[in-house]
Each structure stands twice: as structure tokens, then as C-alpha cells.
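Results of the structural survey
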Amino acid sequence: MTTRVKRFLKGLAVMSVAVTVLSGMGLLIRKSVARKASPIPVYRDPQYPIDQRIDDLIRRMTLEEKVSLLGGTGFSTKPIPRLGIP
């Protein structure tokens, strides 16, 4: 397997975990035409599209936090209290 394919699969896994985490938080995902300044982070705001929320969450995560999400078993992951991820 080439390095490029491995990198793609790793990125895909991180995105998959992020979607699972956001869904597990019980947040409704909806698009809104009018965007307002929000005091909560973009990744926790259901008014933003899922791709923006995932990008925001991944940018905020440290490398160690990303690796810990990939190391979960089954459908459970380790919590990240700093970001409010159960």
C-alpha cells in the first residue's frame, strides 16, 4: 500500500470518528442560510454544515487526542474533556 493511500485511509478514519463523535453528542445537524456570530465553538453549533464542524473540531484537537480516538474499541472512544467530547 502506498504512502498516499495510507494517508488517505488515515484521514478517512479520523473523519469517520469525528462524525461518530458529533452524532453521539446528540447534536442536530442542519444547514442555515443566515449565519450569526456564536459564543459556542463551530464544532458544537448545529447551525453549521457538518464539514465545517468536523474541520473545526479536528483543527482544535491535538495529535494525541486524534490518535486516542483511533485507538477506541468497537463504537466506544476515549473522552476528550477539554473539548467537551464524551
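Cut-offs used in this document
Residues numbered from 1 in each chain as written. Predicted model: local features only at pLDDT ≥ 70, side-chain atom pairs only at ≥ 80, totals over all residues. Heavy atoms only, no water. Helix = DSSP H or I, 4+ residues; strand = E, 2+ residues; numbered from the N terminus. Buried < 20%, exposed > 50% of the residue type's maximum accessible area, 1.4 Å probe, protein only. Contact = heavy atoms within 4.5 Å. Areas by Shrake-Rupley, 256 points an atom, 1.4 Å probe, with all protein chains shown as cover. Polar contact = N/O pair within 3.5 Å; in protein donor to acceptor, adjacent residues only side chain to side chain. pLDDT = per-residue confidence, 0-100.

Considering the overall build of the chain
A count of helices and strands for the chain gives three helices and zero strands. Listing every helix and strand of the chain by position from the N terminus yields α-α-α. Taken over 86 residues, the chain has a buried fraction of 28%. Contacts in the chain between residues at least 24 apart in sequence constitute 36% of all its contacts with a sequence separation of at least 6. Of the roughly 6100 Å² that the chain leaves accessible, carbon and sulfur atoms contribute 63%.

Observations concerning the side chain of Asp56
Here Asp56 shows up in helix 2 (residues 50–60). Of the polar contacts made by the side chain of Asp56, one reaches the backbone nitrogen of Val42; its length is 3.5 Å. A distance of 2.8 Å separates a polar atom in the side chain of Asp56 from a polar atom in the side chain of Arg60. In contact with Asp56, not counting residues within four places along its chain, are Pro41, Val42 and Tyr43.

Quick look at the environment of Asp55
Along the chain, Asp55 turns up in helix 2. Sequence separation between Asp55 and Tyr43 is twelve residues; the distance between their C-alpha atoms is 7.9 Å.

Comments concerning the environment of Lys66
Considering the arrangement of structural elements, one finds Lys66 in helix 3 (residues 63–70). When the C-alpha atoms of Lys66 and Ile80 are compared, they prove to be 9.8 Å apart, with 14 residues separating the residues in sequence. Filtering out sequence-adjacent residues up to four positions away, Lys66 remains in contact with Ile58 and Met61. Polar side-chain contacts of Lys66 include one of 3.4 Å to the backbone oxygen of Ile58.

Quick notes on the confidence of the model for the chain
For the chain, per-residue confidence averages 76 on the pLDDT scale, and residues scoring 70 or more make up 63% of the total. Within the chain, no element has a lower average pLDDT than helix 1 (residues 3–24), which sits at 66, and none a higher one than helix 2, at 96. Segment residues 27–34: pLDDT under 50, and 16 contacts once partners within four positions in sequence are set aside and those in other chains are kept.

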